[in-house]
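What follows is each chain in one-letter form.
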Amino acid sequence: MKGKRVVKKVIAVICCLSCIMGLHTNTFAMDTENIEVTPEVKEGITAYAVDENGEKEQLDCEIVMKKSTSNLRSAGDSYTLEVTASNIKDSYDEVSQEGIRLSGRISWIDKLGIPNILTSVSGRFDNASYIQSAYYQYGTLGEYFTSKNMDLSRSCFFNESLWEEGAGFRLELSARTKNNVKVSLTVKTSIFD
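Residues numbered from 1 in each chain as written. Predicted model: local features only at pLDDT ≥ 70, side-chain atom pairs only at ≥ 80, totals over all residues. Heavy atoms only, no water.

J.: Describe the overall build of the chain, with residues and values.
T.: A tally of regular secondary structure across the chain gives two helices and 13 strands. Scored against the burial criterion, the 193 residues of the chain give a buried share of 30%. The long-range share in the chain, meaning contacts at least 24 apart out of those at least 6 apart in sequence, stands at 56%. For the chain, the exposed area adds up to about 13300 Å²; of that, 50% sits on carbon and sulfur atoms. (Helix = DSSP H or I, 4+ residues; strand = E, 2+ residues; numbered from the N terminus. Buried < 20%, exposed > 50% of the residue type's maximum accessible area, 1.4 Å probe, protein only. Contact = heavy atoms within 4.5 Å. Areas by Shrake-Rupley, 256 points an atom, 1.4 Å probe, with all protein chains shown as cover.)

J.: Residue-level account of the pattern of salt bridges, with values.
T.: Inspection of the entire model under this criterion finds four salt bridges. One salt bridge connects Glu94 with Arg101, and the closest N-O pair in it is separated by 3.1 Å. Given the relative accessible area of 27%, Arg101 is considered partly exposed. With a shortest N-O distance of 2.7 Å, Arg124 and Asp126 are connected by a salt bridge. The exposure class of Arg124 is partly exposed, given its relative accessible area of 35%. The buried category is assigned to Asp126, whose relative accessible area is 14%. (Salt bridge = Lys/Arg side-chain N within 4 Å of Asp/Glu carboxyl O.)

J.: I'd like to hear about the packing of aromatic side chains, residue by residue, with values.
T.: As enumerated under the stated definition, the model contains two aromatic pairs in all. With a centroid separation of 6.4 Å and 15° between ring planes, the pair formed by Tyr136 and Tyr138 is classed as stacked. The residues Tyr136 and Tyr138 share a single accessibility class, namely buried. Consider the rings of Tyr136 and Phe158, whose centres lie 3.6 Å apart with planes at 0°: the pair is stacked. Of this pair, Tyr136 sits in strand β9 (residues 131-140) while Phe158 sits in strand β11 (residues 157-166); the two residues are 22 residues apart in sequence, bridging distant segments of the chain. One exposure class covers both Tyr136 and Phe158, and it is buried. Feature note: the residues Tyr136, Tyr138 and Phe158 constitute an aromatic cluster, connected by ring pairs. (Phe/Tyr/Trp six-rings, centres within 6.5 Å; stacked < 30°, edge-to-face > 60°.)

So this is what it looks like as structure tokens:
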């Protein structure tokens, strides 16, 4: 009996050592870096939005080329081309006057024809200690959807996510200084944005 136990223990030790020795493998790692996109590659990439009538609108593209290098000689290098296309546009403006600064941004989806879609408005009232009161309003080029007073003791900026349709959009920021001077900023969408 004792002999069988010793043999089992020796076999168990040999199996454990075999497993430990067999687990030795090379570690696989990749280093990735962005590389310059050649003009030839840029020229070959186009993106379009197609409306319900089949009309195409070319979209702006952001192109990034990534090179991944492996530490294993047999794997070689690999390249990834990432293209991001979007018809989301931004209009931004700012004004500094009477010691305060107002800044505003409109983001919208520029669809072929009408309607376009307003996706967000944001803005900032800087140097709030000089401001007596402030509000902002936004809407289509013809009418305002919403007007809101700002509580500058709580926050000097706003950001609203939306989904409103219209031909074009505008955002107005207005502040009255403690010297009773009105400072306004109007941001409008443009077909040239």
